[in-house]
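Observations on the three-dimensional arrangement
Below are the chains, spelled out letter by letter.
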Amino acid sequence: MANTAVMHKAKEEDILECFLYPKFCYMTDPDAVTEATLSEEIAKYNAEIAQFIVDHIWHCDSLNFRPRTKQAMLLNRILEGSAVEEDYHTLPHIYASLRFDEDIGDEWLTVFLIFRLTKVFNGLIARVVDSDGEFLLIEAANVLPLWASPETCQDRVFIHNGDIHVIRERGTSFPNLLNNINGKPYISKMLEKVQLVLQKRIGIYPDEIQKRKHKTRAFLPEKAASILRLEPRLIAPAIRTICHSDPLERRVCRAMRYFPPEQRTMVNLKMTKCLYAMATHCRYTGDPRTGWNIPPATCSKYNAHVLGVKVACGLEMLVARANEERRKHTKEKSDVSDGAEKLKLNEPAFVAYLARLEANGYFRDLLEGSQERDKLLSTAKEYFLKHATLFDNLTNLHESDAQKVLEAWENIQTNDIEMHAQDETTLSPADSDSWLNVDPAQLEMYLNQQWGNVKDRKLDQESLSLREKVQSFLNQTSGVDGVHFLGEQSMENDVMLDAEDSTRIDFDADVFDSALRGILDLVVPGGEGEFEGSSEGSLGGDDEDKGGDMDKYMRLLDSQLQSQMVKEESAVAAEDKNVADPVEASLRESIEAEAGGSGPAGNLIGGPVRRLMHLQLQSPTTVPPDLQS
């Protein structure tokens, strides 16, 4: 599928991938779709969603759409050594990947934005998947129709005009599938109850964007305060870095070369609630030898001081990391005679390109510096320079978080620090963080809002007697996959009705059984010599005998089974007059006799009632040994 990662690497967790197919991508020749056309469409999408994310602090990655042309994807597959020629890979589209890590709110915000885009732009069809697969259907798992299994829905879920669609037909090309979704949406559109679940999940946006923000105070080094005032989004990498670091990585925080603690100021900080919770529960409070001078825990400014230490140390680690990466790149940089400026501008893409060649055996394990390897390297450089524009789109050229912080640190000026200095009395008060503590009553309320009152349903189920439970099980209809309880999952409207689609098949089990009997002229064997002689006895005969022998046979079985059950109930009632329920007593007695082994009663309680019926139907003239009293 198209969700193959651009880089040839192992699948990462907590990543959302979006694939957007504008109308012109699947209704025209794929070769005619250019990067410029896709870029124009991306500009429209960014203008539409800008109002929602203009000041949003993304937890890890920001939402960034990238064009994918057929030529670029083909080149990427050649570099990765893949020979797969599928429409999913070659159909041009717009791609976006988003790491959301701990904050799943970023994932659902992106889903909300994708749903909105499909409503605004006519013909736009989108797919969203994460490391769990088709997570949209996972969200609506309790109301899905019975046919919607992971096998039937994998890579078949799409978003069109703000609705969820699942393609059930097979053997159709991918462009035709997209055309069918756009031209006949009623065929693939999921049931209304599925749509309502997902609309409820994303319906909290865009109001939820403001509710997820948290304002607090922090006592920060002046340079750190100025950087965060100019680039508020850098608070996210700073907090994630310090929370995910280990003691070895924190050694650079002893000196604090870039953000010394001597000159600090109290400032207001804005972040998401997820980031604030991570910072609050991070136990690191700085190296005592550095000179942070944190007040006692009883002081009202204690939390602001500790938060300032964590944020400053996170920024310090990022700047140190970026400087180390810069030193490595400078050391490993080699002189090239042709196209040096172009390689310099596209260095990240060129490094990724060489890594792919190395992984696919292009250099044949030759030693670095050898003549043969240098020849291969020169050829690879020429090829790269010739197709440099395509490689720009195949590689994520966005700067790392560490590089962004380093550039901000280098660009900050002394007058900027003075301009941003504020008197503590002019600061706004911090927001309450009482939402960090959830008592049992609140937790119960949240669970009931999401899943309903589970406790009441459990009590209702436990109030049923054993007889009622068994009787309820026997009354259910068993299909190929076993018994489905209508109380747990409604089977209504499982088949998608389409007046224009004459290929739909409505399966009637009774009609099928009658037709099968008519074809085979089935006669139930009644004696040991039934099958001796001509085969006409089993597949032929008079019309008057059709069904008559079967009715007699079933009546005989019913009468014997009924008499046996009456006999067992009478025996149990005579032995234990205090037992009010003969069925329950009979089942208990059978379980005790089986001593934990396999038997009719144990199998009945476990689920498969057919085993008990089979044991009695094996010999219609005698009572099975394991049922004899």
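Here is a short report on the structure shown in this document. Note that this is a predicted model, so its numbers are computed, not measured. (Residues numbered from 1 in each chain as written. Predicted model: local features only at pLDDT ≥ 70, side-chain atom pairs only at ≥ 80, totals over all residues. Heavy atoms only, no water.)

**Observations concerning the nonpolar core**
In terms of nonpolar packing, the biggest core is built from 49 residues, with Leu 20, Phe 65, Ile 114, Leu 117, Leu 136 and Ile 164 touching the most fellow members. The biggest single contributor to this core is helix 5 (residues 104–120), with 8 residues. Apart from the residues within four sequence positions on either side, Ile 114 is in contact with Cys 18, Leu 20, Phe 65, Ala 126, Val 128 and Ile 159. Grouped together as the second largest cluster of nonpolar side chains are 42 residues, Ile 57, Leu 220, Ala 224 and Met 256 included. (Core = buried A, V, L, I, M, F, W, Y, C linked by side-chain atoms within 4.5 Å. Buried < 20%, exposed > 50% of the residue type's maximum accessible area, 1.4 Å probe, protein only. Helix = DSSP H or I, 4+ residues; strand = E, 2+ residues; numbered from the N terminus. Contact = heavy atoms within 4.5 Å.)

**Structural notes on the side chain of Asn 182**
On the secondary structure map, Asn 182 appears in helix 8 (residues 174–183). Residue classification places Asn 182 among the buried residues on the basis of a relative accessible area of 19%. Those residues in contact with Asn 182, other than ones at most four positions away along the chain, are Lys 23, Tyr 26, Gly 123, Ile 125 and His 160.

**Let's talk about the pairing of strand 6 (residues 163–166)**
Residues of strand 6 alternate between two faces, with Asp 163 and His 165 on one and Ile 164 and Val 166 on the opposite face, all of them buried. For strand 5 (residues 157–160) and strand 6, the ladder comprises 4 bridges, and the chain directions are antiparallel. By the bridge assignment for strand 6, Phe 158 is matched with His 165. The turn joining strand 5 and strand 6, which pair antiparallel and follow one another in sequence, is formed by 2 residues; a positive phi near 55 degrees is taken by Asn 161. (Pairing = 2+ DSSP bridges.)

**Focus on the environment of Arg 251**
If you trace the backbone, Arg 251 turns up in the loop between helix 13 (235–244) and strand 8 (264–272). The sequence separation of Arg 251 and Asp 287 amounts to 36 residues, and the corresponding C-alpha distance is 8.9 Å. Side-chain polar atoms of Arg 251 contact the backbone oxygen of Leu 248, separated by 3.4 Å. (Polar contact = N/O pair within 3.5 Å; in protein donor to acceptor, adjacent residues only side chain to side chain.)

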